[in-house]
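Chain residues, written in single-letter form:
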Amino acid sequence: VGFDNFRFLFKSPDTGIMIRNTLLYNIVFIILGLVVAVAFAIMLSELTSRFVAKAYQTMMFFPYFLSWVVASYFLLAFLDPTSGVIPHLQKLSGQEVINWYHDTTYWPYIIVGANMWKNIGYSTVLYLAAITGIDRTLYEAAAVDGATKWQQIRHVTLPNLRTMMTILFILSVG
C-alpha cells in the first residue's frame, strides 16, 4: 500500500484548514481541560459542606456518561431557533433572535463549551482524589507559617498535583 492510494485525502484545498482546526481545537481542549478541571477540583476541595460537595461532584460527573448524541440533543434544546431556551429568552427580552445553526461565528465557542461540559467532570474527580491524598499536615504547617489560602494552594496543592496533571496531560494528548 503506497502513498498514492491515500492521495485523495489531500486533494481538497480545505484539507489544510480541517487539519489546522482539528489541531487547534484539540490544543484548546487539552489546555482548558487541564486548567478548568484543576480549578474545579480545588474549589470542590475547599467546600466545607460535604453534602454540597458531593452534589456538585455528581452533577459535574454525570455528563461524562452521556453519549455525544444525547449531548447534542441537550445543545439542540438550548439553541434550536424555534423551540430553544436561549432563542426564547432572546424573544422575551426583545433582542434579535440568533439562528445558532446558521451563524458560524459562535460555533468555535459552542464546541469548546460543549466539550468542557461533557468531559470536565471526569478529570475533576481524578484531581479531587489526588487532592484528598495530600497530607493535611502540610496545610497545617503552611497555616502556622502564615500562608493564606491562595498561598497554600500555590505552594502545597499545585505541587502535589503535578504528577497527576502530567499523567492526565499525556493521556489527553494521546
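Scroll up a little and you will see the structure.
No experiment lies behind these values; they were computed from the predicted model shown.

Calculation notes
Starting afresh in each chain, residues are numbered from 1 along the sequence in its written order. Only residues with pLDDT of at least 70 get local features here, since the model is predicted, and only at 80 or more are side-chain atom pairs given and counted; chain-wide, interface and lining totals rely on the full set of residues. Working from all heavy atoms in the structure, the side-chain values ignore hydrogens and water. Between rings of Phe, Tyr and Trp, where Trp is taken as its six-membered ring, a pair exists when centres lie within 6.5 Å; planes separated by under 30 degrees are stacked, by over 60 edge-to-face, and by other angles tilted. Residue exposure (1.4 Å probe, protein chains only): buried if accessible area is under 20% of the type maximum, exposed if over 50%, otherwise partly exposed. In this scheme, the term charge over a ring applies when either NZ of a lysine or CZ of an arginine sits within 6 Å of the ring centre and within 35 degrees of the ring normal. Strands here mean DSSP runs of E at least two residues long; helices mean DSSP runs of H or I at least four residues long; both are numbered from the N terminus. Just to be clear on terms, a salt bridge is a Lys or Arg side-chain nitrogen sitting within 4 Å of an Asp or Glu carboxyl oxygen.

Take the packing of aromatic side chains next. In the structure shown here, the tally under the stated rule is nine aromatic pairs. Ring geometry for tyrosine 101 and tryptophan 107: centres 5.5 Å apart, planes at 50°, overall tilted. Under the relative-accessibility criterion, tyrosine 101 is labelled partly exposed at 35%. Aromatic ring contacts, followed pair by pair, group Phe61, Tyr64, Phe65 and Tyr122 into a single cluster. Across from the ring centre of tryptophan 68, 5.4 Å away, lies the NZ or CZ of lysine 118, which sits over that ring.

You can see threonine 124 is positioned in helix 5 (residues 107–132). Its relative accessible area of 2% is what places threonine 124 among the buried residues.

Following the criterion strictly, the structure yields one salt bridge and no others. A salt bridge links lysine 149 to glutamate 46, with the shortest nitrogen-to-oxygen separation between them at 3.3 Å. One end of the pair, lysine 149, is in helix 7 (residues 149–173); the other, glutamate 46, is in helix 1 (residues 15–46), and 103 residues separate them in sequence. A relative accessible area of 47% places lysine 149 in the partly exposed class.

Worth remembering: the numbers are spatial, not functional.
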